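For reference, the chains in residue letters:
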There are 2 protein chains.
Amino acid sequence: MARRGEFQLIAEAFAPLAKGDPLAFGLGDDVALVAPRPGEHLVATNDAMVRGVHFFRDGDPGDVGRKLLRVNLSDLACKGAEPLAYLLTVALPPDLTDGWLDAFAAGLGDDQKRYGIHLIGGDTTKSELDLVLSVTMLGSAPAETLLRRNGAKVGDRIYVSGTIGDARLGFLLARGKLPEASTEDAQFLRGRLDRPSPRLKLGRRLRGIANSAMDVSDGLLADLGHICEQSQVGAELSLAAVPFSDAARRVIHVHEEEQKSIITFGDDYEILFTAPPDKGSVIAAIGDELGVPLTVIGTIVSGGPVTVRDASGAVVPFAQAGYTHF
Amino acid sequence: MARRGEFQLIAEAFAPLAKGDPLAFGLGDDVALVAPRPGEHLVATNDAMVRGVHFFRDGDPGDVGRKLLRVNLSDLACKGAEPLAYLLTVALPPDLTDGWLDAFAAGLGDDQKRYGIHLIGGDTTKSELDLVLSVTMLGSAPAETLLRRNGAKVGDRIYVSGTIGDARLGFLLARGKLPEASTEDAQFLRGRLDRPSPRLKLGRRLRGIANSAMDVSDGLLADLGHICEQSQVGAELSLAAVPFSDAARRVIHVHEEEQKSIITFGDDYEILFTAPPDKGSVIAAIGDELGVPLTVIGTIVSGGPVTVRDASGAVVPFAQAGYTHF
């Protein structure tokens, strides 16, 4: 099929995304330069999305672009880092149209403005069948107060920002399930799946306050397990305390079986963090100031991995903690 | 088919590659930290390889790993930058075996030692059919002496390191062509295709000496065109001056039609650079010291893009300057 040549595609769709940053050299050189803020380290993370695996084949290409940036920004957010710039690699199958790529690039452009970042490099190649989109996001953070996974201490309270499970319900809605959800609820839940909100301000405010943090991408239960493993501690998680949005609550009321799948699905891009009890009031104040709910959902304990309990205190068994690709 | 789970794959194949660098956090966190050398900038570049596009389906997986790193290292080399660390993204199709991945990781491990770099992050996902391998390579360089594409000046001599065209002939050999090549020549030429040598030492020595530089990856003619475009100059290239290896010379003697395709094929990973004539003796001394041939192949002129001339001075026409993916 007819598609622009490689260099024309780069010049028309991608080079404009590099305009705001003189160190990107307009994508016209072999490399780009980045400088962390004075006294800080460069922070690097990478997340890829594959058509049919991470997004629907008929998904809005602008939203695909936005989500690609936001899942990467979320990794910086949960560490308390500031985003600077990104590299983009695309492997393009023969069926992909110029129109798709332009709409995808427009989505990237929207979010560049929203988050104050720029494209600085990458690679464009062809594939046989798969559409693979990969971003390396670069940011800046002071190394000493980077929010790590490995700092959780016995006695820490476990917090999560925002609400959990909206993306799971949005996914089910996109698959034609949950027909009794109202139009408003369906729209909200799809929005949470397609356009997550990396908690950049919150992450920065948690520097020096949280003992450990990560973002919820593999599933709340699995991600809490990652913190426990890296910190060599255990966790008691209260299923009844996990915060749900009003929309999710209305849907879960109808579909009780969703409550368990919700904490193993992931794609929430909220910040999961732990902090000592004496930081409770300062954390509450941060949540109020930013308008982000910060909910205590459990406690860090010694030993074991993660134990989930229902409202009566009984252990809730889970066959699988989270999402895994294979 | 049976393959290790995602987290087991990362733990067994990839996490050992992150061991040497404490700022990589053993791939156990959301991000990794990198610091450029004091007073320098961070340099970032990205190159992806797709099975069937950039490497043969039955290619040695260790060589695939090595080449993936080396094509990225070559981008740093030609800018005069020092490599530090890299992120790796892999999209894995169902047919890929654990054995392939282990051999691929072993190739990465070999070259990490050779070039003093470490894996610091990335992403592992599945694909339907394509094997997509992408590296973001991070390095350090002083911003002031970064060797850019846009600095070529009228009157500059055009140089290329090493020899050109070996990869093209290696590719033809791999496709079962050039049957009259000797075993030794065939082995040498295949080696140049599969295991290019990024010119890291040379690039650093050219800081402050070359006016412009890039690596030869799209084809000598196309890449010289990139320098001319970015520098807003033209070039006169002497086909007879393009340096060939002894093996290439023996093969070209038999296949004269290859001489033109050689300068448009690419994959050479030599440094193409320009420098004023008064730098001739210092450049010759650098070549002698490093044991790398540095050959003058033309001159930067005003206007036009690139004109190629044969030994008699007649213009040699080219339909296409270099390799393009689509």
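Residues numbered from 1 in each chain as written. Chains lettered and ligands numbered in written order. Predicted model: local features only at pLDDT ≥ 70, side-chain atom pairs only at ≥ 80, totals over all residues.

(A) Representation of the sheet that holds strand S3 (residues 82-92) of chain A in the model. Spatially, the five strands line up as an open sheet ordered S4(A)-S3(A)-S5(A)-S2(A)-S1(B), and their pairing is mixed. Taken across any chain shown, the strands that pair with only one partner, and hence form the sheet edges, are strand S4 (118-126) of chain A together with strand S1 (32-34) of chain B. Within this sheet the neighbouring strands show an average axis-to-axis angle of 25°, counted without direction. When S3(A) meets strand S5 (residues 132-141) of chain A, the two strands line up antiparallel, connected through nine bridges. The partner of Pro83(A) across the bridge, within S5(A), is Gly139(A). (Pairing = 2+ DSSP bridges. Helix = DSSP H or I, 4+ residues; strand = E, 2+ residues; numbered from the N terminus. Axes fitted to C-alpha atoms, helices over the stretch in contact; angles between N-to-C directions.)

(B) Quick look at the sheet that holds strand S10 (residues 294-301) of chain B. Residues and elements named next belong to chain B. Taking strand neighbours across the sheet as the criterion, the six strands line up as S7-S9-S6-S10-S8-S11 in an open arrangement whose pairing is mixed. Lying at the two open borders of the sheet, with one neighbouring strand each, are strand S7 (212-215) and strand S11 (306-309). In this sheet, adjacent strand axes meet at a mean angle of 25° when their direction is disregarded. When strand S6 (residues 157-161) meets strand S9 (residues 271-275), the two strands line up antiparallel, connected through four bridges. Looking at the pairing, Val160 lines up with Leu272 of S9.

(C) Broad picture of the pairing of S7(B). Residues and elements named next belong to chain B. Here S7 shows no split at all, with Ser212 and Met214 on one side and Ala213 and Asp215 on the other all buried. Here S7 runs beside S9; their pairing, made up of four bridges, is antiparallel. The residue bridging Ser212 from the neighbouring strand is Thr274, located in S9. (Buried ≥ 20, exposed ≤ 12 C-beta atoms within 10 Å, placed from the backbone.)

(D) Just the interface of chain B and chain A, in detail. Taken residue by residue, the interface counts 57 residues in chain B and 57 residues in chain A. Secondary structure elements with two or more residues in the side of chain B that touches chain A: helix H1 (6-14), S1, strand S2 (41-50), helix H2 (61-77), strand S3 (82-92), strand S4 (118-126), strand S5 (132-141) and S7 of chain B. The element contributing the most residues to the side of chain B that touches chain A is S2(B), with nine residues. Per-class residue counts for the side of chain B that touches chain A are 26 nonpolar, 17 polar and 14 charged. As paired elements, strand S2 (residues 41-50) of chain A and S1(B) share three bridges and run antiparallel to each other. Bridge assignment links Val43(A) to a residue of S1(B), and that residue is Leu33(B). (Contact = placed C-beta atoms within 7 Å. Nonpolar A, V, L, I, M, F, W, Y, C, P; charged D, E, K, R; others polar.)

(E) Structural detail: the packing of helix H2 (residues 61-77) of chain A against helix H3 (residues 98-115) of chain A. All names here are of chain A. Packing of H2 against H3 brings their axes to within 6 Å, and their N-to-C directions diverge by 40°. Classified by the angle their axes make, H2 and H3 are oblique. In the packing of H2 onto H3, the handedness of the crossing is right-handed. Of H3, the residues touching H2 (which contributes Pro61, Gly62, Asp63, Val64, Gly65, Arg66, Leu69, Arg70 and Leu73) are Trp100, Ala103, Phe104, Ala105, Ala106, Gly107, Leu108, Asp110, Asp111 and Tyr115. Residues that form the contact of H2 with H3 fall into these classes: 11 nonpolar, three polar and five charged. (Parallel < 35°, antiparallel > 145°, perpendicular 65-115°, else oblique. Left-handed = near helix turned anticlockwise from the far one by under 90°.)

(F) Spotlight on the relation of the copies chain B and chain A. Placing chain B over chain A gives an RMSD of 0.0 Å and needs a rotation angle of 180°, together with 0.0 Å of translation along the axis. Both copies of the chain, as the preceding transformation shows, are related through a two-fold rotation axis. Same-surface contact between copies: 100% of interface residues of chain B are shared with the interface of chain A. (Least-squares fit on C-alpha atoms with pLDDT ≥ 70 in both.)

(G) How the structure looks around the environment of Leu42(B). Of note, Leu42(B) is situated in strand S2. C-alpha of Leu42(B) to C-alpha of Ala141(B): the two residues are 99 residues apart in sequence and 6.7 Å apart in space. In contact with Leu42(B), not counting residues within four places along its chain, are Leu33(A), Val34(A), Ala35(A), Pro36(A), Leu42(A), Val34(B), Pro36(B), Leu138(B) and Ser140(B).

Geometric values such as these leave the question of function open.
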